Structures are given as structure tokens and as C-alpha cells.
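Structural overview
Here is what each chain is made of, one letter per residue.
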Amino acid sequence: MQAISIKGLRKTYSTGTQALKGVDLNIEEGDFFALLGPNGAGKSTIISIITSLTRKSEGEVKVFGTSIDEDPDKAKTYIGLVPQEFNFNIFEKVIDIVTTQAGYYGIPRKEALERADEIIKALGLWDKRDTMAQQLSGGMKRRLMIARALIHKPKLLILDEPTAGVDIEMRLGMWEFLRRMNEEGTTIILTTHYLEEAEELCRNVAIINKGEVRLHKPMKELLESGKEKLENIYLEIIQEAKQEK
Amino acid sequence: MWTSYYTMARKEFVRMIRIWSQTLLPPIVTTSLYFVVFGSFIGSQLAAIEGFSYMQFIVPGLIMMSMITSSYMNTVSTFYFAKWQRTLDEILVSPTPNWIVIAGFISGGMIRGLLVGTLVLIVSLFFTHLVIHQLAIVILAGILTTMLFSLAGLVNGIFAKGFDGISIVPTFVLTPLTYLGGVFFSINQFPEFWRIVSLFNPILYMVNAFRYGFLGISDVSIAMSFSILIAINVVLLGLTVYLFKKGWGFKN
């Protein structure tokens, strides 16, 4: 089954900026998928549309076969989102942020507390359980957002630059955690500017630039195509796109 | 769905209690000053209004004034800050339906408004004795008014694009209308022209319905007051549902 099916997705903002110019993209269930591209390429717009934070101008989006137009509430239950920017109330405690999110997904408080304790332990935040979010380090805040996204056990986890500003040790720990999640069956979509991160973790990759998918291939195939690193391929595609304009 | 609603209402309540010195204390201090200055000092020198002392006359209006301000400020500030900090996305990415989100925000405003109203009522007992003509009218007017201003605050929060946007309406619209809405006087004491002008102020009807519940006196028809309260609630609710459906001000 396809975790994500996108057909002819277009988005034009009220300012006239055309962020997506007809994106077609399929992501299989169980995949660890990298969505790459420079700043302003349209990655976050795609994610915002999938998660219903932004309205699309045209096209069709299905999450595990459920259209976001026909049954948005059902589609949302499949998704856990870790956004690029910190978007929790910094004056709330770690445990409250996670359990409140559980409540929004209809999980009763008692069960939410049990699940939250389990997740924050797994993410190394146990000793910060009752700490206000503003007192956490950058890396801890990132992990808190992952914990919050996982509280309802989503089938699809979307991470928008989850390791930005995180130190190497913490990044490696996060990679390990995400790998384990994926092995346990969670489909993961990752956007990142650290190409070695995508190389290390992802099985499939799409490179998007100026609102269009420029490449969509298995990572292995891409790396076997004669070029040494994903970085070279990435830069080449971006250059090609620039020359075409 | 009940869990989502409970979560939102609980979150609002916990926040309100956590920052009680910002949410509950200021209206108590302000109205206590009104009771002292207008009620005791000035009011003692004024003639009775329809058989009630000036202090007794202004108590319902002052309770209503604090309820209006508290319920409005609660929703306008929580919604705007949720939008500004993007914490609203926590709810928007979840399967919580729009009507539950609206109900959650409104409940927060209503709980704060009713809680503040109750506290101010308790404080008023230090200055005058309590008269209750019809408790049901008091409760109904309190619920409908806090709901109305919670909705109005939410609409303001949706449209607000900056911090100025959340203070303009309370300062330049809400405060003048409240002060001119019969809190401190009966509009029957006005010259005919200003009495008629006052009848266009919706807050007048809320204050009078509330005062009727306490004292059994009113400048306007109680049926008319409740009709206006219900009509404005319906219009604001319809507008809020529409704005949420369109994602106005919070969805690109």
C-alpha cells in the first residue's frame, strides 16, 4: 500500500508565489524516504498540505488510501508531524505537552500518561519529564517534538529537518531511534539539508526544486550511478534546474 | 471527541489557574476599587435608584463588566498567541474537528469569565448585601454573555495580525461600550436623545438582564435582552465556524 500518493499537486500562495507546480509523488508503506531540495524548493509546502496546515490549490493527496479532502480527520490519524520550528508552549512541562497532544487524538488521559512515560523514556527525556520546555536544550526540544508526534502511534512519521542544530552525538542517537521506528513498521519521510543523513537512513529519495520533482529514485540506485556522493548528484540537479530557467 | 474537548478545556483551565495573578486577580482588584470609590465614597452621597442604594445598583453591572472583559481577553489572547507561536498547529494536525476546537476555546473564555464573575460577586459581599431576584436569569445572562464575548474574542484573535490587533477592539470598542452600557447609571436618567442612542449599545441589554436577575429592575425589556443575546451569539458562532472552515488567518 502507498503511504502517500500525490497527484498533480499545485500550490499558489495569495502573494502569487507558485510553490508547487504539479507534483506527483508516491511513497510506499514502510519506506524511509528523503525529500530533499534547497530552501524554498517546496518541501515544507508539501508537508503542510499533507498534514492539512496549508490548503492546496489543485491536485490530490491520499494518506494510506484516504483522501485528505474526503476524510481529513481519518487521514490525520495516520500522521505524526515533527515540524521544522519549535511549536510547543515553552511554559508547559514536557509531560503536559505530550499528553495534551494525545488528548487531541482522543487518547484518554490515563492511557496518555502511560504512553507518554514510555516515549519520553525511549527518547532520553525521562529526567526532564516535569521540566518546563523553555529550560530544555535545542536537542532536547527536538526530541520532545518527536515524542509528541509519536504519542498516537502514527503509521507515518514526517520529520522536517529534525536534526538541524543538533550536536553529532545526539544526531547519531536520533538516527538510531528513527531506524528502529522504521524497522518496527513506521513509514518515515525526512527532509534534511544534511545529505549524509539521507544517505545513511533513507531507502528512497526525491529531489525537489522550484516546486517540481527533479528526481525520484531508490537511494541505492542513485549512489551506484557512478557519482561518489549524494551531494554531487544533488548539486548537479540543482544546477541543471537553474540552467533550464 | 469528548476527550479532545476535555483536553482543550482542561488545558485552558490549568493555564488560567497557573497564571492566576494575571487572569483572576486583576479584575478583583479593579472592581474592588470601583466598589470603594464609586460605591462607598461617591455612591453614599447619591439618591437611591428604584429603591436600591447606588452600591447595590452598580454591583451587577460591575460583575458583568469583569465577566465581559475576562471572557473576551481570554479567547483573543490564547487564540492569537497559539497562532503566533504556531502551537495552534498541534490541534490543527490532529483529527479534532473544527467545532470541538471552537468549543474548547469558547469554554476557556466562559470558564474564566464565570469564575471571575463569581469571585467579584464574593468580593461585593464585603460592601453590600446580596439580593437575588431570579437566580435562573442571573445564570442564563452570565452564560450567554460570557459565551458571546468568548466568541467575539475568538473572531478578533482570528483576524488579528499583530499585538496591536488584539488590543484595539478591547480598548477602543469594548471599554467605551461597557462604560456606556448602563453599568454605572440607569439610561432613564439620560436626556431622551442619549437614551435612544444607548438603546443601540448591545452591552446595555446584557447588563440590564443581569441586573434584573439580581434586583428585579431593568431599563429595557428582558425578553428583548435575551433575544439580542441569543441572536448575537448565533451570528458570531456562524461567523466563527465559517472562518475556521476557511482557515482564515491561520491556514495558507
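These numbers were taken from a predicted model, which means no experiment stands behind them. (Residues numbered from 1 in each chain as written. Chains lettered and ligands numbered in written order. Predicted model: local features only at pLDDT ≥ 70, side-chain atom pairs only at ≥ 80, totals over all residues. Heavy atoms only, no water.)

**Topic: the overall build of chain A**
Within chain A one finds 9 helices and 10 strands. Here chain A has a C-alpha radius of gyration of 18 Å; the compact-globule value for 245 residues is 18 Å, and the two agree. Summarising its shape, the C-alpha atoms of chain A cover approximately 55 × 40 × 35 Å along the three principal directions. By the burial criterion, 54% of the 245 residues in chain A qualify as buried. (Helix = DSSP H or I, 4+ residues; strand = E, 2+ residues; numbered from the N terminus. Rg over C-alpha atoms; globule rule 2.2 N^0.38 Å. Buried < 20%, exposed > 50% of the residue type's maximum accessible area, 1.4 Å probe, protein only.)

**A short note on the pattern of salt bridges**
Across all of its chains, the model carries 15 salt bridges over all chains by this definition. Here Arg115(A) ties to Glu111(A) by a salt bridge, and the two come within 3.0 Å at their closest N and O atoms. Pair noted here: Arg115(A) and Glu111(A) are both in helix α4 (residues 109–122), with a separation of 4 residues, about one helical turn. A salt bridge links Lys11(B) to Glu90(B), with the nearest nitrogen and oxygen atoms 3.9 Å apart. Here Lys11(B), found in helix α1 (residues 2–18), pairs with Glu90(B), found in helix α5 (residues 88–92); they are 79 residues apart in sequence, far enough to count as distant. Looking at Glu90(B), the relative accessible area reads 6%, which means it is buried. Linked through salt bridges whose partners overlap, the residues forming this network are Glu92(A), Arg148(A), Lys11(B) and Glu90(B). (Salt bridge = Lys/Arg side-chain N within 4 Å of Asp/Glu carboxyl O.)

**Structural notes on α4(A)**
Residues and elements named next belong to chain A. Its 14 residues give α4 an end-to-end C-alpha distance of 20 Å, which sits within 8% of 20 Å, the value for a rise of 1.5 Å per residue. Looking only at α4, the buried set comprises Ala112, Arg115, Ala116, Asp117, Ile119 and Ile120. At its buried positions, α4 is contacted by α3 (94–104) and α5 (138–150). One or two steps after α4, the chain reaches glycine 124, where phi turns positive at roughly 70°. (Expected span 1.5 Å × (residues − 1). Contact = heavy atoms within 4.5 Å.)

**Some details on the environment of Asp117(A)**
Residues and elements named next belong to chain A. Counting through the fold element by element, aspartate 117 comes out in helix α4. The class for aspartate 117 is buried, based on a relative accessible area of 18%. C-alpha separation for the pair aspartate 117 and isoleucine 168, spaced 51 residues apart in sequence, amounts to 26 Å. Beyond its immediate chain neighbours, meaning those up to four positions away, aspartate 117 contacts Ile95, Trp126 and Arg129. In terms of polar contacts, aspartate 117 uses its side chain to reach the side chain of arginine 129, at 2.8 Å. (Polar contact = N/O pair within 3.5 Å; in protein donor to acceptor, adjacent residues only side chain to side chain.)

**A word on the packing of α3(A) against α5(A)**
Residues and elements named next belong to chain A. As a packed pair, α3 and α5 sit with axes 8 Å apart at the nearest point and diverge in direction by 30°. In this view, α3 runs roughly parallel relative to α5, as classed from their interaxial angle. Judged by the twist between their axes, the crossing of α3 over α5 is right-handed. Residues Val94, Ile97, Val98 and Gln101 of α3 lie in contact with α5, whose contacting residues are Leu144, Ala147 and Arg148. For the contact of α3 with α5, the residue count by class is 5 nonpolar, 1 polar and 1 charged. (Axes fitted to C-alpha atoms, helices over the stretch in contact; angles between N-to-C directions. Parallel < 35°, antiparallel > 145°, perpendicular 65-115°, else oblique. Left-handed = near helix turned anticlockwise from the far one by under 90°. Nonpolar A, V, L, I, M, F, W, Y, C, P; charged D, E, K, R; others polar.)

Just geometry here; none of it tells us what the structure is for.
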